[in-house]
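Single-letter residue listing:
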Amino acid sequence: MSTIEQFRQDTRAWLEANCPPSMRTGMAEGDVVWGSQNPQFPCEDARLWFERMRDKRWFCPEWPEEYGGAGLSDEQLAVLESEMRRLKCRPPQINLGIWMLGPVLLAYGSEQQKRDLLPPIARGEVRWCQGFSEPNAGSDLASLKMAARDAGDHFVVDGSKIWTSYGDKSDWMYALVRTDFSAPKHEGISLIVLDMRSPGVKPQPIDLISGKSAFCQVFFDSVKVPKSQLIGPLNGGWNLAKYLLQHERKAMSKFGEFSLPSHFDLLALMREYVPAPQSQSEHALQARATACAMNEQAYNLTVQRMGEEARAGDDIGGLMSIMKLTHTEQERDKFEVLLDAMAGHAFGWDSPAFSEQQLAVTRSWLNSYALTISGGSSEVQLNVIAKRVLGLPDAKKGVTP
Amino acid sequence: MSLRYNDDQRLLADSARDFLAARSPVSAQRRLRDEAVALGFDPQLWRDAVGLGWSAIAFPEAFGGLDFGCKGLGPIFESMGRNLSATPLLSSVVLGGSLVQLAGNSAQQAQWLPALIGGEQRLALAVDEQSRHDPCRIALEAKAEGQGYRLHGDKFWVVDGLGADAYVVAARTSGQPGETQGISLFLVPADTKGLTVSALALIDSRNCARLQLDGVQLGSDALLGTLGEGWAALETVLDRGRTCLAAELLGMAEQLFETTLEYLKTRVQFDTPIGTFQVLQHRAAQLYVDLALSRSALMAALATLDDASLDAGARARLVSLAKWKAGDTAIKVANEAVQMHGGIGVTDELDVGLYLKRVRVAQSCLGDRDFHCERYATNA
């Protein structure tokens, strides 16, 4: 038997023996385990699964052993992933440190940084958050202004970050800061990591039109960050950010395989709220709903196709570029139909007169507005497709038709 | 269910692309139109395509086929779409041949399949009676009479109906229009007394006919399949045809999109390529998304055709999804292709118009967007 076939058999046997059956089912929102200093587990099986995968070093299976990984080859990693898919294993934990910061540290970090930062990430002991956007630097990220001033052996950081998911629950942040105000905007940016418990760091959750959210604005008031926590070259942060965002898309495409299916089955809800279309307007509504459901299935098939093509070694860059845009825009379209179908039932707020599902539709509809904006707005996604995938040229400054 | 073409199917795609680029570029389609060739295709091109094995792809070896699976038709129809090539592959082989294979008795199979696969004879399928496709509303009456049947009524939009050697006519032997029970299939030779075939010249300059059956008398051996039970085979075969049309539509849409993208990069106005304008960039990016989703839906539909484990409802849903999405996308791309080319886009000199016309006909053929949206909902 070939070594890889042996590895597949061993992996399969280990997963069969160690992944509790309750960890082989679909996940609801509350089932996600976040790696952190004080991880919270929804149930005992989730803790067992977390600890077994951690001890197997399979949180970061492809990282080198000296940094806490299991040193798996690409081929072995693909086997492990396919065996986990086959058994429908839940991810034992979710951690931005692994998917986003990890690859940057491995590629650009100093030896000391790798030894200090990577092993705790690989053990799921640190919850990371991302400090990129600022109140005046959203889609135009490179215009960010949070300052990190040179103060000898450390930087002094002043300013604020916004749209930081779970900023109030995270242990550490990786952040883009401006270290040179006189350079062109892309050339004065650096990437640093910092402890969220440093004096002067103040995360503040943001209420959205949908109510409570995971988003925070994080304020920084003369926060001291040791220079040893600068990642990569001073003023060289923009390239690292681009590298990191590539991994965001890759992570998202992986995430797609076990991500939650859309919460609401549109056609089932149509049968509930418009059971037998009578009038012309109800027939028209039914047709709109069907079109939405069809587009949703075409999207799901595209996720499936992308996974298949990735495993076959095809270039999936083009497909990855459409995922975020398509999914979030489709969700928006779907709520438009759902709101018309449910009408008054979809407008309840904190009221026992509405079912849990009805209230959830209202909140999710309102939340769907955030999703076409965060993580690169739909317009930014269209720019990316137009320029990077279709190769359309950049506009000349000052040219208007 | 795989959503990729395998290596063999990719080879087939390469060979179809090379063959059609050399033998049937868009200029060939333009010539057929300008010379008003009633047949709508080049018989020599068809003979050579048969020589390449295209007509044998989907049939089992027992009937002289290659047993390559219906999915193998995907790359062929995509290539035909890209080049705007006309052949009777859909009408005679995918629709006519599949019906004989699935519903015919061994004598009918022996009489027809080798001749269809060999390209010596052609069948055409007569289903629609109104302008919009709706097969369960078949009303054309077939009455049992003596040892056989007498057929009376009209058929509309018979693809490649001119010059066919025989027709598979779907008729009603019992029940009411709208019911799937009571539909029977008949093989009607072209020279049958009482049958009149006339041309329906369409915008795509292909071969399309109207049939008038004026008390056509058929023997009992003309019945294809079981009396009144034709629906299941008809639906299976229509789904093969719809999927092939979806592949042709996607091929046309991808080709038109590439052409238009190239134009956006090279056409200069206001001292800059018009592709620098964000309003056009975003519209192009949206079309790219639709093309990607259409591709996934098409691959799923192609895979379904060869998957015997799926029930008819699941197959119907995925085929309708593909025809709906590919048709809708092809129309969007064609409309945008004209608009983005500006003035030259509405001239006959540019090939874009030829694509636009074929897209509209293919989108409507065997069920348009609305038909397939409703069919998807009915089978959900």
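All figures in this text were calculated on a predicted structure; none of them were measured in a lab.

A. Expanded view of the overall build of chain A. Looking only at helices and strands, chain A features eleven helices and eight strands. Counting only C-alpha atoms and orienting by the principal axes, one finds that chain A spans roughly 75 × 65 × 50 Å. Burial analysis of chain A (401 residues in total) assigns 33% to the buried set. Pairs at least 24 residues apart make up 69% of the contacts formed inside chain A by residues separated by at least 6 positions.

B. Spotlight on the overall build of chain B. Along the backbone of chain B there are eleven helices and ten strands. Computed over the C-alpha atoms, the radius of gyration of chain B is 21 Å, within 12% of the 21 Å expected from 2.2 N^0.38 for a compact globule of 380 residues. When its C-alpha atoms are laid out on the principal axes, chain B stretches across 80 × 45 × 40 Å. Of all 380 residues assigned to chain B, the portion counted as buried reaches 53%.

C. Just the interface of chain A and chain B, in detail. The interface of chain A with chain B comprises 33 residues on the first partner and 33 residues on the second. Counting residues per element, the ones that place at least two in the side of chain A that touches chain B are α8 (280–311), α9 (317–342) and α11 (378–389) of chain A. In terms of residue count, α8(A) provides more of the side of chain A that touches chain B than any other element does, 15 residues in total.

D. Spatial organisation of the confidence of the model for chain B. With 100% of its residues at a pLDDT of at least 70, chain B reaches an overall mean of 96. Here the complex is predicted with pTM 0.89, and the ipTM for its interfaces comes to 0.95.

E. View of the domain arrangement of chain B. Residues and elements named next belong to chain B. The domain architecture assigned to chain B consists of domain 1 (7–117), domain 2 (123–224) and domain 3 (231–378). When each unit is reduced to the centre of its C-alpha atoms, the spacing between domain 1 and domain 3 is 21 Å. Contacts between the two partners involve 22 residues from domain 1 and, on the opposite side, 22 residues from domain 3. Breaking the side of domain 1 that touches domain 3 down by element, the ones donating at least two residues are α2 (26–34), α4 (73–83) and α5 (89–103). Ranked by residue count, the leading element in the side of domain 1 that touches domain 3 is α4, at eight residues.

F. Representation of the domain arrangement of chain A. Residue and element names in this part refer to chain A. For chain A, the domain assignment lists domain 1 (3–94), domain 2 (128–236) and domain 3 (261–389). Relative placement of domain 2 and domain 3: their C-alpha centres are 32 Å apart. On the side of domain 3, eight residues touch domain 2, which itself brings six residues to the contact. Taken together, the residues of the side of domain 2 that touches domain 3 sort by class into three nonpolar, three polar and no charged.

G. Focus on the confidence of the model for chain A. Residue and element names in this part refer to chain A. Residues at a pLDDT of 70 or more form 95% of chain A, whose mean pLDDT is 91. When pLDDT is averaged over each element of chain A, strand β6 (residues 201–205) comes out on top at 98 and helix α6 (residues 237–258) at the bottom at 72. Taken together, the stretch residues 255–261 has pLDDT below 50 and engages in seven contacts with residues farther than four places along the chain or on a different chain.

H. Structural context of the nonpolar core. Residues B:Tyr167 and B:Phe186 are the most contacted members of the largest nonpolar core, which totals 154 residues. The residues touching B:Tyr167, leaving out its near neighbours within four places in the chain, are B:Leu123, B:Ala124, B:Ala126, B:Val158, B:Val188 and B:Leu211. Counting 59 residues, the second largest nonpolar core, distinct from the first, contains A:Leu15, A:Leu80, A:Cys89 and A:Leu101.

I. Just unusual backbone geometry, in detail. For A:Asp350, which is not a glycine, the phi torsion comes out positive at approximately 50 degrees. Along the chain, A:Asp350 turns up in the loop between α9 and α10 (356–371).

J. Expanded view of the pairing of strand β7 (residues 215–226) of chain A. Residues and elements named next belong to chain A. Both strand β3 (residues 154–165) and β7 contribute to a ladder of nine bridges, which runs antiparallel. When the bridges of β7 are listed, His154 appears paired with Pro226. Alignment of β6 against β7, held across five bridges, turns out to be antiparallel. When the sheet's bridge partners are listed, Pro203 is paired in β7 with Val218.

K. How the structure looks around the packing of α8(A) against helix α9 (residues 312–341) of chain B. Remark: α8(A) packs on α9(B), axes separated minimally by 10 Å, with the N-to-C direction vectors making an angle of 95 degrees. Between α8(A) and α9(B), the interaxial angle falls into the category roughly perpendicular. When α8(A) is examined against α9(B), the residues A:Met294, A:Gln297 and A:Ala298 are found in contact with a partner set consisting of B:Leu321, B:Trp324 and B:Lys325.

L. Local environment of the environment of A:Val225. Residue and element names in this part refer to chain A. Along the chain, Val225 falls in strand β7. Distance in space between the C-alpha atoms of Val225 and Ile192 is 8.3 Å, their sequence separation being 33 residues. Those residues in contact with Val225 that lie beyond four places of it in its chain are Ala148, His154, Phe155, Val157, Ile192 and Leu194.

M. Inspection of the pairing of strand β5 (residues 189–195) of chain A at higher detail. All names here are of chain A. Burial analysis of β5 places six of its seven residues in the buried class, which makes it a mostly covered element. Sheet topology places β5 next to strand β8 (residues 230–231); two bridges connect them, and they run antiparallel. Residue Ile192 lies in a different strand from β8, and its bridge partner there is Leu230.

N. View of α8(A). The first and last C-alpha atoms of α8(A) sit 47 Å apart over 32 residues, in line with the 46 Å expected at 1.5 Å per residue. One or two residues past the end of α8(A) sits A:Gly313, with phi positive at roughly 85 degrees.

O. Summary view of the packing of α9(A) against α10(A). All names here are of chain A. Orientation of α9 relative to α10, taken along the N-to-C sense of each, is 150 degrees, at an axis distance of 9 Å. Here α9 is positioned roughly antiparallel relative to α10, judged by the angle of their axes. Classified by chirality, the crossing of α10 by α9 is left-handed. Contacts from Thr328, Glu331, Arg332, Phe335, Leu338, Leu339 and Met342 in α9 reach Val361, Trp365, Ser368 and Leu371 in α10. Each residue belonging to the contact of α9 with α10 can be placed in one class, and the counts come to seven nonpolar, two polar and two charged.

P. Highlighting the environment of A:Gly313. Of note, A:Gly313 is situated in the loop between α8 and α9. Linking A:Gly313 and A:Ser2, residues 311 residues apart in sequence, is a C-alpha distance of 21 Å.

Q. Up close: the environment of A:Phe50. Residue and element names in this part refer to chain A. In this fold, Phe50 is placed in helix α2 (residues 44–55). Taking the C-alpha atoms as reference points, Phe50 and Val33, 17 residues apart in sequence, are found 8.3 Å from one another. Ignoring sequence-local partners within four residues, the contact set of Phe50 consists of Val33, Pro39, Phe41, Pro92, Gln93 and Gly124.

Cut-off values and rules
Residues numbered from 1 in each chain as written. Chains lettered and ligands numbered in written order. Predicted model: local features only at pLDDT ≥ 70, side-chain atom pairs only at ≥ 80, totals over all residues. Helix = DSSP H or I, 4+ residues; strand = E, 2+ residues; numbered from the N terminus. Buried ≥ 20, exposed ≤ 12 C-beta atoms within 10 Å, placed from the backbone. Contact = placed C-beta atoms within 7 Å. Rg over C-alpha atoms; globule rule 2.2 N^0.38 Å. pLDDT = per-residue confidence, 0-100. Domains from an automatic or database assignment. Nonpolar A, V, L, I, M, F, W, Y, C, P; charged D, E, K, R; others polar. Core = buried A, V, L, I, M, F, W, Y, C linked by C-beta atoms within 7 Å. Pairing = 2+ DSSP bridges. Axes fitted to C-alpha atoms, helices over the stretch in contact; angles between N-to-C directions. Parallel < 35°, antiparallel > 145°, perpendicular 65-115°, else oblique. Expected span 1.5 Å × (residues − 1). Left-handed = near helix turned anticlockwise from the far one by under 90°.

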